[in-house]
Amino acid sequence: MLHFCLQGKAWEKLAMKIKIFVRTFTSNEDAELFNSLLQTKWPDLLKGKKGARFRLVQDKQKPHVSMVVWEFENEKIQSDIEQLIQQEIAKFVRTLPNKEIHFQGDVTQDFAALK
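Residues numbered from 1 in each chain as written. Predicted model: local features only at pLDDT ≥ 70, side-chain atom pairs only at ≥ 80, totals over all residues. Heavy atoms only, no water.

Colleague: An account of the pattern of salt bridges is needed here, citing residue identities and associated values.
Modeller: Pairing of side chains with opposite charge becomes possible as their charged atoms draw close. Enumeration over the complete set of coordinates arrives at eight salt bridges. Here Lys17 ties to Glu75 by a salt bridge, and the two come within 3.6 Å at their closest N and O atoms. Of the two residues, Lys17 sits in strand β1 (residues 17-25) while Glu75 sits in helix α3 (residues 75-95), which places them 58 residues apart along the sequence. Of the residues examined, Glu75 reaches a relative accessible area of 56% and is grouped as exposed. (Salt bridge = Lys/Arg side-chain N within 4 Å of Asp/Glu carboxyl O. Helix = DSSP H or I, 4+ residues; strand = E, 2+ residues; numbered from the N terminus. Buried < 20%, exposed > 50% of the residue type's maximum accessible area, 1.4 Å probe, protein only.)

Colleague: Help me get a handle on helix α2 (residues 28-45), residues and values and all.
Modeller: With 18 residues, α2 extends 25 Å from end C-alpha to end C-alpha; this agrees with the ideal 26 Å at 1.5 Å per step. Buried within α2 we find Asp30, Ala31, Phe34, Asn35, Leu37, Leu38, Trp42 and Leu45. If you follow the buried residues of α2, they end up packed against β1, β2 (52-57), β3 (65-72) and α3. (Expected span 1.5 Å × (residues − 1). Contact = heavy atoms within 4.5 Å.)

Colleague: Describe in detail the side chain of Lys19, supporting the description with residues and values.
Modeller: Following the sequence through the fold, Lys19 ends up in strand β1. The exposure class of Lys19 is buried, given its relative accessible area of 11%. Side chain to side chain, Lys19 and Glu82 meet in a polar contact 2.9 Å long. Side chain to side chain, Lys19 and Gln104 meet in a polar contact 3.4 Å long. (Polar contact = N/O pair within 3.5 Å; in protein donor to acceptor, adjacent residues only side chain to side chain.)

Colleague: So what's going on with the sheet that holds β3? Residues and values would help.
Modeller: Backbone-to-backbone hydrogen bonds join strands into a sheet, with any given pair of strands oriented parallel or antiparallel. Judged by pairing direction, the sheet is antiparallel, and its four strands sit side by side in the order β2-β3-β1-β4 without closing on themselves. Looking at the sheet topology across the chains shown, the edges are occupied by β2 and β4 (98-106). For this sheet, the mean angle separating the axes of adjacent strands, direction not counted, is 15 degrees. Contacts from α2 reach β1, β2 and β3 within the one sheet, and its direction differs from that of β3 by about 25 degrees. (Pairing = 2+ DSSP bridges. Axes fitted to C-alpha atoms, helices over the stretch in contact; angles between N-to-C directions.)

Colleague: An account of the packing of α2 against α3 is requested, with residue identities and associated values reported.
Modeller: Interaxial distance between α2 and α3 falls to 11 Å at its minimum, and their mutual angle equals 150 degrees. One finds that α2 runs roughly antiparallel with respect to α3. Handedness of the α2/α3 crossing: right-handed. Between α2 and α3, the residues in contact are Phe34, Leu37, Leu38, Lys41, Trp42 and Leu45 and Ile81, Leu84, Ile85, Glu88, Ile89, Phe92 and Val93, respectively. Here the contact of α2 with α3 is built from residues that sort into 11 nonpolar, no polar and two charged. (Parallel < 35°, antiparallel > 145°, perpendicular 65-115°, else oblique. Left-handed = near helix turned anticlockwise from the far one by under 90°. Nonpolar A, V, L, I, M, F, W, Y, C, P; charged D, E, K, R; others polar.)

Colleague: Help me get a handle on α3, residues and values and all.
Modeller: In this model, α3 (21 residues) spans 29 Å end to end at C-alpha, consistent with the 30 Å of a helix rising 1.5 Å per residue. The sharpest bend along α3 reaches about 50 degrees and sits at Ile89. Buried residues along α3 sit against β1, α2, β2, β3 and β4. (Bend = angle between axes of the 7 residues up to and from the residue.)

Colleague: Break down the side chain of Ser66 for me, with residues and values.
Modeller: With respect to the helices and strands, the residue Ser66 is situated in strand β3. For Ser66, a relative accessible area of 1% gives the class buried. Polar side-chain contacts of Ser66 include one of 2.7 Å to the side chain of Asn35. For Ser66, the contacting residues outside a window of four places in its chain are Phe21, Val22, Arg23, Phe25, Phe34, Asn35, Leu38, Leu56 and Val57.

Structure (structure tokens):
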């Protein structure tokens, strides 16, 4: 088993920025429609972009809730993606009634036990 401890500049190079969007829709159908839109639009919107990761998280117990987790390598990439969100996704959000919560921050610790 190998363990790594990164500090200072080495950690700063790997530290990701995270932004989470949680939307609660008034119906399961609205959430499904919105999630379908995301699954259709984002692969094309992200073509040629590097340094961003999109994850759509769905809870089968709460199908009316949509959660997107973004990971960004740096603030420039985050700003570029947020502009795309405003240009391409926000117009659809306005047509479907929902409540939004946003959370963003820097990754300060990252532990993994994947295997």
